[in-house]
Structure formats: structure tokens, C-alpha cells
Amino acid sequence: MIRYLTAGESHGKGLTVIIDGVPSNLKIDERELNFILSERQKGYGRGGRQKIENDRVEILSGIRFGKTIGSPVSVFIKNNDYENWKSRMSITPINQSVDEFLIPRPGHADLSGGIRFNHRDLRNVLERASARETAARIIAGAICKILLKEFNIEILGYVVNIAGIATDIDEGLDIKEIIKKVEDDKEKFKVDLRYPDSKKIPHIIKKINSAMKKGDTLGGIIKIIAEGVPPGLGDYTQWDRKLDGKIAMSLMSLQSIKGVEFGAGFSYANYSGSLIHDAIYYSKNKGYYRKTNNAGGIEGGVTNGNKIIIRAVVKPISTLRKGIDSVNIKTKLKSRTVYERSDVCVVPAASVIAENLVAIEITNALMEHIGCVELGLMKKNYKSYLRHIRNY
Ligand code: EPS
């Protein structure tokens, strides 16, 4: 089972992730991990911080001669910005006063986190609550994605709505086709939105530019799809073993996510059961199959062999240049939030992170099912499981 923990502050020395339970004999190319980090940093509407950072992994353990050895993998990612924050983020006491962060941003963890840990300088909260932490977390997912590729399981996260400009052009397309659209548009518009509908991209760019000018922020909806996932992963027998529950928790823990749905999701409310459930058919060639996939590939917490389809809503981030009404926690006086710097739109970045988080949960379900911690043995067991599916 993959377990992982991250540590590190946004403007501290750097971020660390320890990933426990990675199977042995998996080839890991540092360049692939660095590529994921660079994807996370992209997206039209990102802020100034991404110009300072050039995230790179420093692998500290668990890999030898380019392959995992079954020991915990630990990775460090340096914060370049630390140079500008050395005294304000000093680990040892210093003899000078530093500005305290006293005006909590609505929507951020500032106020609730301050109350929880009894911090009077809310910097202690925001440094850890920041989405910078995802640079470390995404590495756990990237390693899982590399593992899943060995089993022909592919996952893609992309964007289907920014600031209300929505598309369903992706429906029915497979991962390769969506990637092609996204790549073509990147070339055409010279912006990276991970949004597959070229007709609507100019409107989105306009919206982001206008939010930038106004000092505001924008949210949206991301979609994560997984292809090649066999039926039978996950479990219905206990609440904490359900795969959709695990994926939802993982995604809800991603900064700025406020809702997650599978398949038809919230629109299930609008249909009667006879119209929305995916009727089951059988043919000798295909085995069991469905003509629809409203369940989004998971029934009863267990995969059913269809494409896994997940959507999650990303709120507009809570650091606004124009400020929002708040209260100074020292004076208790009405105040506007203070602006240091921020992103305008993090929806594309969220889709990259989400793709990798989903990979972790699918990996765990797969590893639990085929019960091995060595790649070759896992593959052997997987073959026999695929045979079982064909014969069922
Ligand atoms: C982020 C780094 C942060 C923010 C953002 C994401 O850097 P800084 O605070 O120095 O600008 O840009 O963090 C937040 C959205 C947040 O709410 O704190 C990153 O690397 O992803």
C-alpha cells in the first residue's frame, strides 16, 4: 500500500515527500518527475511565484541505479524563494521584529487555522496551507502514474469549465484524442489551459485577462478520466475501502476543491432510476458491457471496467489583489485583506495535480487486489486476474 506524507512551508527551505510502499524494480526517470513538476507550474493565469521557482526533484532515498528498491522513496524540492524569506522564515529565533500577518483571507485557512493552533501571526497557517505543498504531493502521484502505465492504465486531468465557460466537447473522446486537442490549442493560442474546446479558448483568455486587470480570481471545473482500469478494484464490504470514497477524499484534500462527483454526479437528481442506471449486456466478444457510463466507472465502491469519470470544482483562489472585507485579529477592526501576490486562475494546475492524486488511489486499489510489492510478480498476478475477468 502506498502511503505518503508531505512537509514544508511555502517560503521555507523546501518541500519534502516520503512515499512508502512503492513496489520494487520500477524504473524511475528523474526527468519524468521534473516534467510533472513543470506541468504543475504552468497554466494561463498563474502568478509571479512560478517565475521564481523552477521546481526540480532531489531524490534522497528509495531508488538505486534508476529503479525503486522497495524502501521508502523520499524527495526534496527546493524553494528558490526562500532566499528572500530567510529571516522571516528563520528556524532559529532572530533579534529583529517581522511583520505579522493579521488579516485573514476569507476562503483561506488563515482564520480557522489560527484559532485551531492559537497562532497570533497567521503566517504560521498560510505557509503550510498554501497550494505550494502540492509540488511535493504530486511526486507521490507521478510515481504511481509511472507504475500504472506498466499495467496499461492511463489517467488524464484536464479542464472543462473556467469561470462558467463550459465545454462537453470531450465527451466520448479518449485520452489520446483529448491530449491532441489540448496540445494543438496550446500551439495555436500560446497559452496552456488544458481545455479541449478551441472555440471557447479566446473567451476564457479574455475572462482571465479581465480578472487580472480587476485584481480578481477565477475558478472552474476539472475532469479526471482513467482508462484501462479493470473491473473489481476497490471494495463494497466496508465504508473505508470504497474506491470512490478514497478518490473523493484525496481530491477534496486538494487546496481550493469544493466538490467532487462521479459520472452523472449531481445530475442523478434529475432522472428516474430507469433512465439513469447503466443497463448490463453480454456478448462473447466483449464480455459484460454497458451502452452508457453514468456511474463513471464505479458501482458500490468497486470499478466496473468502464472509464472512470470524475469532476471536481475549483473555487476562485482567496488571495485577491483587490482585497475582501475581513477583520484585523489584533485590533479587531474592519480591514481589507492585504495582497502580497497571487494566481488569478489555478484551474489548469489543479487538473494536473488531481490527475496524479487519482493515480495514487487507483494504484492502491490495484496493489491491494494483486497483492504484491515487486513489479514482475505484480504483472504475473495481473495477467492471471485478467484471465479471471475474461472467464467470469
Ligand atoms: C503556489 C505557490 C504560492 C501561491 C499559490 C500556489 O506562492 P506565493 O504564496 O509565494 O505566491 O502562488 O498558493 C496558493 C494558491 C495559496 O492559496 O496559498 C504553488 O506553487 O502552487
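Right, let's walk through the structure included here. (Residues numbered from 1 in each chain as written. Predicted model: local features only at pLDDT ≥ 70, side-chain atom pairs only at ≥ 80, totals over all residues. Heavy atoms only, no water.)

Turning our attention to the site of the ligand. Near the ligand the following residues occur: H11, R40, R46, R49, Q50, H108, S130, A131, R132, I317, R341 and D343. R132 is positioned with one of its side-chain polar atoms (N or O) 3.5 Å from an oxygen atom of the ligand. At a separation of 3.2 Å, an oxygen atom of the ligand approaches a polar side-chain atom of D343. Protein chains bury 90% of the 460 Å² of accessible surface belonging to the ligand in isolation. Assessed atom by atom at 2 Å from the grid points, the ligand resides in the largest pocket. Residues of the shell around the ligand, tallied by class, amount to two nonpolar, four polar and six charged. (Near = heavy atom within 4 Å. Polar contact = N/O pair within 3.5 Å; in protein donor to acceptor, adjacent residues only side chain to side chain. Areas by Shrake-Rupley, 256 points an atom, 1.4 Å probe, with all protein chains shown as cover. 1 Å grid on protein atoms, 1.4 Å probe; cavity = no way out; pocket = protein on both sides within 12 Å on 5 of 7 lines; lining within 4 Å. Sits in = over half its atoms within 2 Å of the grid points. Nonpolar A, V, L, I, M, F, W, Y, C, P; charged D, E, K, R; others polar.)

What follows concerns the pairing of strand β6 (residues 73-78). Bridging between strand β2 (residues 14-20) and β6 involves six bridges; their strand directions are antiparallel. Each residue of the ladder has a partner; that of I18, found in β6, is S74. (Pairing = 2+ DSSP bridges. Helix = DSSP H or I, 4+ residues; strand = E, 2+ residues; numbered from the N terminus.)

On to the packing of aromatic side chains. In this structure the tally under the stated criterion is four aromatic pairs. Note on F151 and Y382: the rings are 5.1 Å apart at their centroids and 90° apart in plane angle, and the pair reads as edge-to-face. One end of the pair, F151, is in the loop between α5 (134-149) and β7 (154-162); the other, Y382, is in helix α11 (residues 375-391), with 231 residues separating them in the sequence. Y382 gets classed as buried once you look at its relative accessible area, which sits at 8%. Counting every residue linked through ring pairs, the aromatic cluster contains Y282, Y288 and Y392. The aromatic ring of Y281 is capped on one face by K291, whose charged end is 4.2 Å from the ring centroid. (Phe/Tyr/Trp six-rings, centres within 6.5 Å; stacked < 30°, edge-to-face > 60°. Buried < 20%, exposed > 50% of the residue type's maximum accessible area, 1.4 Å probe, protein only. Lys NZ or Arg CZ within 6 Å of the ring centre and 35° of its normal.)

On to the sheet that holds strand β15 (residues 308-314). What the five strands build is an open sheet, ordered β8-β7-β9-β15-β10; its pairing is antiparallel. Strands at the two margins of the open sheet, each flanked by one partner only, are β8 (165-166) and β10 (257-262). Helix α10 (residues 347-370) contacts β7, β9 (220-227) and β15 of the sheet and is inclined by roughly 145° relative to β7. (Contact = heavy atoms within 4.5 Å. Axes fitted to C-alpha atoms, helices over the stretch in contact; angles between N-to-C directions.)

The next point concerns unusual backbone geometry. The phi angle at A163 is positive, at roughly 50°, despite the residue not being glycine. Mapped onto the elements of the fold, A163 is located in the loop between β7 and β8. Residues other than glycine seldom take positive phi values, yet K190 does so here, at roughly 60°.

Time to look at the pattern of salt bridges. Under the defined criterion, the tally for this structure stands at 30 salt bridges. In this structure, D81 engages R49 in a salt bridge whose closest nitrogen and oxygen atoms are separated by 3.7 Å. Here D81 is found in the loop between β6 and α3 (110-117), whereas its partner R49 is found in helix α2 (residues 49-52), with 32 residues between them in sequence. Given a relative accessible area of 2%, D81 falls into the buried group. One salt bridge connects K322 with D216, and the closest N-O pair in it is separated by 3.8 Å. Taken together, the residues span a long stretch of sequence, with K322 in the loop between β15 and β16 (325-327) and D216 in the loop between α7 (201-214) and β9 at a distance of 106 residues. (Salt bridge = Lys/Arg side-chain N within 4 Å of Asp/Glu carboxyl O.)

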